[in-house]
Every structure is written in C-alpha cells, then in structure tokens.
Amino acid sequence: MPSTDLLLTFNAGSSTVKIGIFAMDGDAARRIGKGVIDFRAEPLSLSLTAGPQTFETPLKAETTEDLHGVIDETFSLLAGHFDVAAVRAAGHRVVHGGDRFTSAVALNDAAIDAVDALTSLAPLHQPQALRFIRALRHLKPHLVQTASFDTAFHATQDDLVRRFAIPRALHDEGIKRYGFHGLSYKFIAGELRRKAPHAAKVVVAHLGSGASLCALDEGVSRDCSMGFSTLDGIPMATRTGWLDPGVILHLAGERRQSFEEIEDLLYHRSGLLGVSGISADTRDLLKDDRPQARQAIDLFTLRIAGEIGRMAATLNGLDTLVFTAGIGEHQSEIRAGVAKRSSWLGLAIDEKANAANDFTISTRKSRIAAHVIATDEEQVIADEALSILRGG
C-alpha cells in the first residue's frame, strides 16, 4: 500500500465523537488531522484541524438516529482537506467487549451483532459507537471497519480481582468487574516503556469527565477502579463512582423512584455536579470560593488517593504514579491534592515542576516517581486497525 493511504478513527462518547485522520506510513499510523462533533450543540458543527489550522464548519444535516446525513456531510467536509478516496479503513472505540472481545477485531455482521448484544452493559456509550459503525457501513459498505475495546486491556486481570461477592452463577453469567479506559491505559503503558523503562508497579490515574485508575505490573493491567460499569470507582463529573447498593434499594423502595429516574441520577446528576450543586467541571470548582465547591474537589482527591492505596495493595507495592487525561494532564491543583493525601506512601511533589505540567513532577527524594503523560486513545485505535488491515 502506498504511504498516501489514509485511516480514520471514531472515538464516540456519550455526546461527542472525536475523529482522527491518520496516514499509513509502512507499519505505522501517523496522525495528520483530527475533528470533533459535539452533539450537545445546536446546530451541529465539525471542528476540524488540518496541519496548523483549525476550522469550525456548521453541519446542515439533521441529527437523525441513523446519522446517515451527518456522516455523509462530514466526509464531504473532510474531502476539502484530505484525500478521502484514499481512506482504507475506519477504526472505532467500543467501550464494552465483555468476555468475548479481548483484542481488536474486524467488524463483520456477526461481530456487530455481538457488540450490539453488549449494549445493556454500557447503555450510554455502546449505542453511539454502533450508530457510527452502521452509518459508515451504509455510506461506504466496502470500507474495512475495526473495533478496539476499552475492556480488552483488562482481560489480564486475575479472576479474584474481577469477582464480586455474589452467587457464582451470576459471575458465570458475566456479572463481574471488566474495567474501562483500556485504550488510554494501553497507550500509557507504551509511553512508560519508552520514557520510564524502570517503572514496574504503576498506578495510572485517567482523570477526565469520566475518570478511573488502573494498576499496571510491568505494563499489564492487574486492577481497575471501574468494574461492571462506567459508574464504578471514583466520583466523576456527573457520575457517582462507588455507591453503597443499599442507596439504590432505598431509592427504588422507600422513595419509589423509577428505573429511569435512578439511572438519570447516577449518570447525569451526581459526581462533582451533585456534590457541589454548581458545576461538573473541576476548572469552575477550583475558581469558586463557596464551601460546596471546595468539598467536591476534596472528595474527588480523597477518593483518588484511596484508590491509589488500594491498588498498591493489589500490586504489592508501588514505584510510579501517572496522571493522564484532561484533568490529570492539565490541572496541577488536583495533582497536588492527590499527592498530599498520598504522602504516607512516600510521594513528594515538586511544586514548580507540577505547576509547569512537566513529565516528572516528583522530587528527587520522593520514594514514588510521579509523571504527567498525555494520552492518545485514537492512536491506539489507529494502530490496532492498521495491524488488522495488514493481517497482523
């Protein structure tokens, strides 16, 4: 294949899609552009970066369930900056692969049906990915499509780690801990091999609007704060994180709340937004002097530090902590708060390096190295799609 061949990636969230444009250079995928469509905005627009320039272009197509018009118009806009006729494959991020998908796959009818069958396990994210997969199939039926799964990276976890204390029959039916943000953790594991090869027992904190932590042993996933669903673990922008299941029983029984009301509460009205009553965005909360804003930030850093300690127990030690994703990469105040609560582990942060978002933010005397590493889920999707395309 000539080096001019292109590959697209689609990273669909619950309300946005990030589009990556990659050139195939031999066995490597090199990013040459990116785009974002935010489905919360009306009218829709495509924010497209090509080289040094970024363009914001309104979309005329209506947001239908099948997305045919949106995808068609998006390809037309891409054609103004890239050779879309040279696109050979499209790779998709799919949140849940269950126990069936432990690596990236080419998407045929059977695979798409199997992904669809897992929708109940990721009700916010799985349908969005499927919409893009099916819309692309309609528009370009002969285009190779692949799926990269957030859960696949965590398939290396021990059965003991993945179990809940529930009847064995339920575990065997698939009610277990799966872990998420696996594409991000896979990228970070690769970056650590390159930038910090001596890091062995590592906790990675992926802190964004969705947030989780992962325990890596020599680059292999051994634990994750998210379990059966993307609700689990630390508090997030609008999601609860860990919650006593008795609360759900109380809401459904004593309060007589419906399934839909409880689902909305857990996914959309809790987390930092619920605690503060002000905002789901840590940037807003850090600038707000009201005590409820401070409490939301303090709860966030307390739960993160608690998960670091728990994962140190899983790993039987800890030598490296990594911060990544939007909050982890850019918000020094959050990192400092987590470090302060983790000082009992021997973690000490260099204030100047932390304020500058340097790669290494720990002091020389710190018993644990702390790093800030930018993640790139689209690069992992592109690499896995290219491997499938090349027959790897």
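Residues numbered from 1 in each chain as written. Predicted model: local features only at pLDDT ≥ 70, side-chain atom pairs only at ≥ 80, totals over all residues. Heavy atoms only, no water.

- Labelled according to an unreviewed UniProt entry, the protein chain appears under the name Acetate kinase, originating from Rhizobium ruizarguesonis.
- Turning to the protein chain, the UniProt record has this under Pathway (unreviewed entry): "Metabolic intermediate biosynthesis; acetyl-CoA biosynthesis; acetyl-CoA from acetate: step 1/2."
- Quoted verbatim from the Subunit (unreviewed entry) field of UniProt, the annotation for the protein chain is "Homodimer." (UniProt positions renumbered as here; feature names shortened; annotations may be inferred.)

1. Thoughts on the packing of helix H11 (residues 291-315) against helix H13 (residues 332-341)
The axes of two packed helices give the description: the angle between them and the distance between them.
Item 1. Packing of H11 against H13 brings their axes to within 8 Å, and their N-to-C directions diverge by 50°. Compared by their axis directions, H11 and H13 come out oblique. Crossing geometry of H11 relative to H13 is assigned as right-handed. For the pair H11 and H13, contact is made by Ile297, Asp298, Phe300, Thr301, Leu302, Ile304, Ala305 and Ile308 and by Ile334, Gly337, Val338 and Arg341, respectively.
Item 2. Looking at the contact of H11 with H13 residue by residue, the classes come out as eight nonpolar, two polar and two charged. (Axes fitted to C-alpha atoms, helices over the stretch in contact; angles between N-to-C directions. Helix = DSSP H or I, 4+ residues; strand = E, 2+ residues; numbered from the N terminus. Parallel < 35°, antiparallel > 145°, perpendicular 65-115°, else oblique. Left-handed = near helix turned anticlockwise from the far one by under 90°. Contact = heavy atoms within 4.5 Å. Nonpolar A, V, L, I, M, F, W, Y, C, P; charged D, E, K, R; others polar.)

2. Remarks on the UniProt feature "site: Transition state stabilizer" (unreviewed entry) in the protein chain
Item 1. Annotation from UniProt places "site: Transition state stabilizer" (unreviewed entry) at His181 and Arg239.
Item 2. Relative to the helices and strands, His181 resides in the loop between helix H5 (168-172) and helix H6 (182-195).
Item 3. Ignoring any residue separated from it by four or fewer positions in sequence, one finds His181 in contact with Asp150, His154, His206, Gly210, Ala211, Ser212, Met226 and Glu377.
Item 4. Assignment of secondary structure puts Arg239 in the loop between strand S11 (220-224) and helix H7 (245-253).
Item 5. The residues touching Arg239, leaving out its near neighbours within four places in the chain, are His125, Gly210, Met226, Thr230, Leu231, Leu266, Tyr267, Ser270 and Gly271.
Item 6. Here Thr230 takes part through its backbone oxygen, which lies 3.0 Å from a polar atom of the side chain of Arg239. (Polar contact = N/O pair within 3.5 Å; in protein donor to acceptor, adjacent residues only side chain to side chain.)

3. Regarding the packing of aromatic side chains
Item 1. With the rule as written, the count across this model stands at four aromatic pairs.
Item 2. Relative to Phe149, the ring of Phe101 has its centre 4.6 Å away and its plane inclined at 10°; by these criteria the two rings are stacked. Remark: Phe149 occurs in strand S8 (residues 144-149) and Phe101 occurs in the loop between strand S6 (87-94) and strand S7 (105-106); sequence separation between them is 48 residues. Residues Phe101 and Phe149 agree in their burial class; the two are buried. (Phe/Tyr/Trp six-rings, centres within 6.5 Å; stacked < 30°, edge-to-face > 60°. Buried < 20%, exposed > 50% of the residue type's maximum accessible area, 1.4 Å probe, protein only.)

4. Here we look at the pattern of salt bridges
Side chains that differ in sign of charge can pair as their charged atoms come close.
Item 1. The full count for this structure, using the stated rule, is 22 salt bridges.
Item 2. Between Asp217 and Lys201 there is a salt bridge, and its shortest N-O distance comes to 3.5 Å. In this pair, Asp217 is assigned in strand S10 (residues 211-217) and Lys201 in strand S9 (residues 201-207), connecting sequence segments 16 residues apart.
Item 3. For Asp217, a relative accessible area of 22% corresponds to the partly exposed category.
Item 4. In this structure, Asp281 engages Arg283 in a salt bridge whose closest nitrogen and oxygen atoms are separated by 2.7 Å.
Item 5. The class of Asp281 is partly exposed, set by a relative accessible area of 22%.
Item 6. In this structure Arg283 comes out as exposed when scored by relative accessible area, which is 52%. (Salt bridge = Lys/Arg side-chain N within 4 Å of Asp/Glu carboxyl O.)

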